[in-house]
Amino acid sequence: MSRDPLSITRRNFVRVTAGAAGVLGTGLLSACEPDPAGLSVSPQFAKGGGGGGKGGGQGGSARNPLRIPPTQAPTGVLTAAPAEVDLGGGVRSRVWAYNGQFPGPTLVAPTGSRADMTFVNGLSHESITHWHGMIVDTPNDGHPREAVPPGGSYVYDYPIIQRASLNFYHPHPHGMTGEQVAMGLAGAYLIRDDDEAALGLPSGPHEVPLIVRDATFDRNGNMQYKPRSGGFEGNTPLVNGTLDPALSVDTGVYRFRILNGCNARILRFAFSDGTPFVLIGNDGGFLEASVSLSEITICPAERLDVLVDLRGHAPGTSLMLQDLNTGWDLLELTVDRSVADGTAIPGALYPIERLTAPVRTREFSFDGMSKINGQVYDMARVDFQVPFGETELWRFTTNGNAPHPVHVHGAYYQVVSRSGGRARLYPWEGGWKDTVLLEDGETVEILIRFDGYRGLYLMHCHKLEHEDMGMMSNFEVV
Ligand code: C2O
Ligand code: CU
Ligand code: CU
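Criteria and thresholds
- Residues numbered from 1 in each chain as written.
- Chains lettered and ligands numbered in written order.
- Predicted model: local features only at pLDDT ≥ 70, side-chain atom pairs only at ≥ 80, totals over all residues.
- Heavy atoms only, no water.
- Pairing = 2+ DSSP bridges.
- Helix = DSSP H or I, 4+ residues; strand = E, 2+ residues; numbered from the N terminus.
- Axes fitted to C-alpha atoms, helices over the stretch in contact; angles between N-to-C directions.
- Donors = N, O, S within 2.8 Å, 3.2 Å for Na, K, Ca; no water.
- Phe/Tyr/Trp six-rings, centres within 6.5 Å; stacked < 30°, edge-to-face > 60°.
- Buried < 20%, exposed > 50% of the residue type's maximum accessible area, 1.4 Å probe, protein only.
- Lys NZ or Arg CZ within 6 Å of the ring centre and 35° of its normal.

What follows deals with the sheet that holds strand β4 (residues 92–98). The four strands lie next to each other as β4-β3-β6-β8, forming an open sheet whose pairing is mixed. Every other strand in the sheet has two partners, leaving β4 and β8 (153–159) as the edge strands with one partner each. Ignoring which end each strand starts from, the neighbouring axes of this sheet average 25 degrees apart. Pairing of strand β3 (residues 75–86) with strand β6 (residues 114–121), which is carried by six bridges, proceeds in the parallel orientation. Following the sheet pairing, A80 is matched in β6 by N121.

Given below as structure tokens:
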């Protein structure tokens, strides 16, 4: 092992602190210090009610219009660099952004097309982009071995071979992923296909990506990374990079594509007035059937595809999307227009092949905050080999320090059991997954089969500070 992972985290901490006081210290906000509990909202951000007001009730909103990132095909140049962005209402903040956008542009591509993108590193640290959830070969996966230095670039070129889904692009350099994501580098990546089109789901302004994350700002209002080994938790929620956002909606059906973009926080979504989510998909695309839920809990990097039916809501009212874990108001929906919307809420969606009959079992223990099976990540070491095309059962356990969101590159999997702890599976853990929440005392079993590509891939904890400290493993599909 060549590097002490804890020292990397410490170095990042010092560097960001120095940067915030100097080069990045150009924001306009007055003093605010994050509170140690990480839950309160700094005063200048609290006016719109982001600190956990009751939410809902009357129409109109003093909140900021929800930002919708621009969409584009996964072609051309994607540059990661410092940028100054408007978080809403003229609140300027220095962040790190893809193509100057926070979050980055939403990439949209149909199955069967090709992605051809050049990543350009405009940061002062090495970086590389990973397309979380995309089934690509090793050279296109953004492995930390491929990280490029400041000023460097990396050409991606791969076919899109998977079904419709919401994915997540973000940096993946060794030991610095947490910092780069927290500073703003992340974006949504939508794959479209004919099955999706056949469902006639809400589209255009009725399909809205929601990248939900927490953030901490320095006293100048600039994005700040203050990691703790237990995970970075910011004191302010952002949706699509907007502070205290509101979305003006009509009395129709909306499709929200939700990503937990936090480094470490688990989010427990609910609407203030009990309006249900009709869950139709998750990480790997559609579930077999929709299910109506009053609350949904997801860990970092998990995704949700939900329909929200506002046909029973009167114009002039509003409802608040909240996080029940913190009490945060995340996004106000203000019902401003009446429309006739004939959208059919689908029941059955698409059949999913069940993985069965695993040919072998592997055990993975998530130890402390930096190890898998007792080992800290070593970029040069390959920890195990998996035969291509064979179904395996992987059993995840932990000796503490959870939550550990367990993510695997290179294949989707099916979660088959959880024992100990919560001792059950949830509707949002059906279908195809690439990230699953492992809490203290739990054993989670998945079935996985690599049938995309042979090559080097990663498994890691998606609490990004755990990943950076070494809770990650290289494996090879052979
Ligand atoms: Cu979203 Cu290897 O990560
Ligand atoms: Cu990934
Ligand atoms: Cu972890």
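Glancing now at the coordination of the copper ion (ligand 2). The copper ion (ligand 2) binds to the protein through H130 (NE2) and H407 (NE2); the donor distances cover 1.9 Å. Highlighted residues: H130 in strand β7 (residues 129–132) and H407 in strand β28 (residues 404–408), separated in sequence by 277 residues.

A separate point is the packing of aromatic side chains. Enumeration according to the criterion identifies 21 aromatic pairs in this entry. A ring pair is formed by W131 and Y189, whose centres lie 5.9 Å apart and whose planes are at 85 degrees; its orientation type is edge-to-face. Here W131 is found in strand β7, whereas its partner Y189 is found in strand β10 (residues 187–192), with 58 residues between them in sequence. Each of the two residues, W131 as well as Y189, counts as buried. Joined through ring pairs, the aromatic side chains of F364, F366, F384, W394, F396, F450, Y457 and F475 make up one cluster. Directly above the aromatic system of F388 lies the positively charged group of R454, at a separation of 4.3 Å from the ring centroid.

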